[in-house]
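Fold and contact review
Given next are the chains, with one letter for each unit.
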Amino acid sequence: MPAKIICMASAKGGSGKTMLTATFGAFLSALGKKVLLIDTDAATNGLTLLYLKEVLTQGELAIAANRKPIGIFDAFDKNEFDTQSDIVKLSNGVHLIPATYKFKNTENTALNKFSSFLSSNLVILRGTYHYIFLDAQSGSDLFAQVCMSKNISDEVVIVSEYDPMSAAGVERLKGLLHEDLTYVRTWVLLNKMLPDFVKSFSDFLEVAKYLNPIPWDADVVKAYARRRLAIDLENGNEHTLAVMQTIKTLFGESIIQEIETWIKGRVAAIRQPIEDQYNDLEN
């Protein structure tokens, strides 16, 4: 089966989209899935900066092999365009194509060349992975529109905070790109919610194409401040459980068995509370 391509989008910056993209990749990798993340954010290069040490190491390896490392915004010189991007292998098993290895202003990239190179990479790599995530630029920027297009991605997840301005931004984005952001292929994911709010919203949001909200508490904030993902794949925590439920809703039957195996594979002492919370979410 070819990889499912998910575009992670947002109506405005600061929604936590990039960290969730990395988190989803790490969780799916822990389930034994082959996952590729592609940093298509021309404005911030967020995923590239999150894994900057690994990106720099891969760039040095390419240079040592007498070739130029190629990011998704790099391969536009006349003699480079037909090449494939260099892939960074992260310690959690996830693979990453960074925005750039050159750390130039990627917003100056010609849109048609970016679109063509992204498409060619996806054609080549789709048979290698189970899931490919595109971390898109915030808002309705032209680069983001390419990634949200039904010609590029299979589904779009719009990550949003829970406030009136963010809600209006999501509706504006869906209105501007109504041909691509259809009900069938578009999800909304509320992030940074207080845990108590999550419990009251989870019951009905899926019907409206909302994914399970992601709670933020002090531990999540501390983890992100230290450039670490907040999920705990060994012992589990509330954040991890919410991510698990979101992935289960997003990918359905194709992932349920792996999730159940992951739960059963935890240490007996911690498995029961995780299963109890999982059952509560299921109900």
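Just above sits the structure.
Residues numbered from 1 in each chain as written. Predicted model: local features only at pLDDT ≥ 70, side-chain atom pairs only at ≥ 80, totals over all residues. Heavy atoms only, no water.

1. Let's talk about the overall build of the chain
For the chain, the helix and strand inventory stands at 11 helices and 7 strands. Counted over contacts in the chain with a minimum sequence separation of 6, partners at least 24 positions apart contribute 73%. For the chain, the exposed area adds up to about 13,200 Å²; of that, 54% sits on carbon and sulfur atoms. (Helix = DSSP H or I, 4+ residues; strand = E, 2+ residues; numbered from the N terminus. Contact = heavy atoms within 4.5 Å. Areas by Shrake-Rupley, 256 points an atom, 1.4 Å probe, with all protein chains shown as cover.)

2. Here's the deal with the environment of Q145
By secondary structure assignment, the location of Q145 is in helix α5 (residues 142-148). Q145 sits in the partly exposed class, given a relative accessible area of 28%. Residues Q145 and A9, spaced 136 residues apart in sequence, show a C-alpha to C-alpha distance of 9.4 Å. The residues contacting Q145, other than those within four sequence positions of it, are S140 and L177. (Buried < 20%, exposed > 50% of the residue type's maximum accessible area, 1.4 Å probe, protein only.)

3. Details of a nonpolar patch on the surface
Taken together, L49, L56 and F103 make up a surface patch of nonpolar side chains, about 250 Å² in accessible area. Mapping L49 onto the fold places it in helix α2 (residues 46-50). (Patch = residues over 30% accessible without salt bridge, like charges linked within 9 Å, V, L, I, M, F, W, Y side chains within 5 Å. Salt bridge = Lys/Arg side-chain N within 4 Å of Asp/Glu carboxyl O.)

4. Quick notes on the layout of surface pockets
Space inside the second largest pocket adds up to approximately 260 Å³. A26, L50, Y51, E54, L90, S91, N92, R227, R228, L229, I231 and L233 together form the lining of the second largest pocket. The class makeup of the residues in the lining of the second largest pocket is 7 nonpolar, 2 polar and 3 charged. (1 Å grid on protein atoms, 1.4 Å probe; cavity = no way out; pocket = protein on both sides within 12 Å on 5 of 7 lines; lining within 4 Å. Points joined across faces, edges and corners; volume = space filled by probe spheres on them. Nonpolar A, V, L, I, M, F, W, Y, C, P; charged D, E, K, R; others polar.)

5. Some details on the sheet that holds strand β4 (residues 95-97)
Spatially, the 7 strands line up as an open sheet ordered β3-β4-β2-β5-β1-β6-β7, and their pairing is mixed. Every other strand in the sheet has two partners, leaving β3 (88-89) and β7 (186-191) as the edge strands with one partner each. Pairing of strand β1 (residues 4-10) with strand β6 (residues 155-161), which is carried by 5 bridges, proceeds in the parallel orientation. Bridge pairing in β6 places I6 opposite E155. Sheet strands touched by helix α1 (residues 17-30): β1, β2 (35-40), β5 (131-136), β6 and β7. Its angle to β5, the strand with the most contacts, is close to 170 degrees. (Pairing = 2+ DSSP bridges. Axes fitted to C-alpha atoms, helices over the stretch in contact; angles between N-to-C directions.)

6. Remarks on the side chain of T100
Topologically, T100 is positioned in the loop between β4 and α4 (111-125). A relative accessible area of 0% means that T100 is categorised as buried. At a separation of 2.9 Å, a polar atom in the side chain of T100 contacts the main-chain amide nitrogen of K102. Filtering out sequence-adjacent residues up to four positions away, T100 remains in contact with N45, T48, V55, G71, D74 and T106. (Polar contact = N/O pair within 3.5 Å; in protein donor to acceptor, adjacent residues only side chain to side chain.)

7. Points about the packing of aromatic side chains
Between two aromatic rings, the relevant description is the distance of the centres plus the angle of the planes. According to the stated counting rule, one finds 8 aromatic pairs in the structure shown. Each ring, one from F73 and one from F114, has its centre 4.9 Å from the other, and the planes form 5 degrees; the classification is stacked. One end of the pair, F73, is in the loop between α3 (52-64) and β3; the other, F114, is in helix α4, and 41 residues separate them in sequence. Here the two residues F73 and F114 agree in accessibility, since each one is buried. Aromatic ring contacts, followed pair by pair, group F24, Y131, F133 and F251 into a single cluster. (Phe/Tyr/Trp six-rings, centres within 6.5 Å; stacked < 30°, edge-to-face > 60°.)

8. Notes on the pairing of β7
The buried fraction of β7 is high, at 6 of 6 residues. On β7, burial covers both faces: T186, V188 and L190 on one face and W187, L189 and N191 on the other are all buried. Two strands pair when backbone bridges link them, and β6 and β7 are joined in this way by 6 bridges, in the parallel orientation. What sits directly across from V157, in β7, is W187. Handedness of the β6-helix α6 (residues 164-176)-β7 crossover: right-handed. (Right-handed = clockwise from strand over helix to strand, strands pointing away.)

9. Observations concerning empty space enclosed by the protein
Counted according to the given criterion, the structure contains 1 cavity of 30 Å³ or more. Its boundaries defined by the atoms lining it, the largest cavity holds a volume of some 40 Å³. Forming the walls of the largest cavity are S10, A11, K12, S15, V159, S160, E161, S166 and V170. Among the secondary structure elements, those contributing two or more residues to the lining of the largest cavity are β6 and α6.

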